[in-house]
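Overview (structure and organization)
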Amino acid sequence: MGIFRKSRKKPKKGTTPVTDENGLPDFSPNPITNLILTDIALRGVSRFARQMAEKKMLSKRYSREDARKAIDNRSISETLMAAGLARVATRSVPGAVVIGGGLLAKALYDRSRSRKARAEGQKALHKRMSDSGNG
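Residues numbered from 1 in each chain as written. Predicted model: local features only at pLDDT ≥ 70, side-chain atom pairs only at ≥ 80, totals over all residues. Heavy atoms only, no water.

Some details on the side chain of E54
The condition is simple: Note on conventions: DSSP H or I runs of at least 4 residues are helices, E runs of at least 2 residues are strands, and numbering of each starts at the N terminus. Think of a polar contact as two N or O atoms within 3.5 Å of one another; within protein, one of them needs to be a possible hydrogen donor and the other a possible acceptor, and neighboring residues in sequence only count if both atoms come from side chains. Contact definition: two residues touch when any of their heavy atoms are within 4.5 Å.
The residue E54 is located in helix α1 (residues 31-59) in this model. Within polar-contact distance, the side chain of E54 engages the side chain of R74 at 3.0 Å. Other than its neighbours up to four places away in sequence, E54 contacts I71 and R74.

Things to note about the layout of surface pockets
Test applied: Of the grid points, spaced at 1 Å and generated over the protein atoms alone, those admitting a 1.4 Å probe that cannot get out make up cavities, while open sets with protein on both sides within 12 Å along at least five of seven lines make up pockets; any residue with an atom within 4 Å of a point is treated as lining. Grid points are joined across faces, edges and corners, and a volume is the space filled by probe spheres set on the points. Note on residue classes: Ala, Val, Leu, Ile, Met, Phe, Trp, Tyr, Cys and Pro are nonpolar, Asp, Glu, Lys and Arg are charged, and everything else, Gly too, is polar.
Its volume calculated, the largest pocket comes out at about 1,000 Å³. Residue lining of the largest pocket: 22 residues in total, with M57, L58, G121, Q122 and L125 positioned closest to the centre. For the lining of the largest pocket, the secondary-structure elements that each account for two or more residues are α1, α3 (76-91), α4 (93-112) and α5 (114-131). The class makeup of the residues in the lining of the largest pocket is eight nonpolar, three polar and 11 charged. Roughly 580 Å³ of internal volume is contained in the second largest pocket.

Things to note about a nonpolar patch on the surface
What counts, and what does not: Like charges are joined within 9 Å and nonpolar side chains (Val, Leu, Ile, Met, Phe, Trp, Tyr) within 5 Å, but only among residues with over 30% relative accessible area and no salt bridge; these make up the patches. Residue burial considers only the protein chains on display, and all accessible areas are found by Shrake-Rupley using a 1.4 Å probe. We count a salt bridge whenever a side-chain nitrogen from Lys or Arg sits within 4 Å of a carboxyl oxygen from Asp or Glu.
A contiguous nonpolar surface patch, about 410 Å² in accessible area, is contributed by I32, L35, I36 and I40. One can find L35 in helix α1.

Points about the side chain of N34
Applied cut-off: Burial classes: relative accessible area under 20% of the type maximum marks a residue as buried, over 50% as exposed, and values in between as partly exposed (1.4 Å probe, protein chains only).
Here N34 lies in helix α1. N34 gets classed as buried once you look at its relative accessible area, which sits at 10%.

Examining the pattern of salt bridges
Within this structure, the stated rule accounts for seven salt bridges. One salt bridge in this structure joins R43 and D39, with 3.1 Å as the shortest N-O distance. Here D39 and R43 lie together in helix α1, a separation of four residues that amounts to about one turn. One salt bridge in this structure joins E78 and R128, with 2.9 Å as the shortest N-O distance. In this pair, E78 is assigned in helix α3 and R128 in helix α5, connecting sequence segments 50 residues apart. Beyond isolated ion pairs, a larger network of salt bridges with shared partners links E65, R68 and D72.

Structural notes on α4
For the record, the criterion: Expected helix span is given by 1.5 Å per residue-to-residue step, counting one fewer step than there are residues.
With 20 residues, α4 should cover 28 Å at 1.5 Å per step; its first-to-last C-alpha distance of 28 Å lies within 8% of that length. Between the side-chain oxygen at the start of α4 and the backbone nitrogen of G95 there is a gap of 3.0 Å, and the oxygen is on S92.

Points about the confidence of the model for the protein
Selection criterion: Per residue, pLDDT measures the predictor's confidence, with a range of 0 to 100.
Here the protein averages 81 in pLDDT, while 81% of its residues score no lower than 70. Of all secondary-structure elements in the protein, the lowest mean pLDDT belongs to α5, at 82, while α4 reaches the highest, 91.

Re the packing of helix α2 (residues 64-72) against α5
To be explicit about the condition: For every element, the axis is a line fit to its C-alpha atoms; helices are fit only across the contacting stretch, and the angle between N-to-C directions ranges from 0 to 180 degrees. Roughly parallel covers angles under 35 degrees, roughly antiparallel covers those over 145, roughly perpendicular covers 65 to 115, and oblique covers all other angles.
The geometry of α2 relative to α5 is characterised by a closest axis approach of 8 Å and an angle of 90 degrees between their N-to-C directions. The pairing of α2 with α5 is recorded here as roughly perpendicular in orientation. Together, D66, K69 and A70 of α2 and L125, R128 and M129 of α5 make up the contact between the two elements. Taken together, the residues that form the contact of α2 with α5 break down as three nonpolar, no polar and three charged.

Given below as structure tokens:
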């Protein structure tokens, strides 16, 4: 049975393995560096997942290229507003209630005037898609 067991290399004398208090490996012996690296990795994965979900949602109705253009041509103010609202909604329960209530009210308002809202939304999306060729 001992034949298939993995042998572990022993650390060299005078060096300590980089592990946390639970024995799990770390990137660096400095915990702040590990925190920064983890934060960067999580933000990257989160951004990638968000963009893929947005493209997938838009590609149900539009071509893959048009969906990419619509996402890539988002203005700075739209991006900052979405990030700010998401931050407020995730930091506290009252923030989540206010932001969620506002989104629900907007959805119900758009449903009450669905034809006009759909036409306005499609017009804005097509404008964003057509602006991609200019920049």
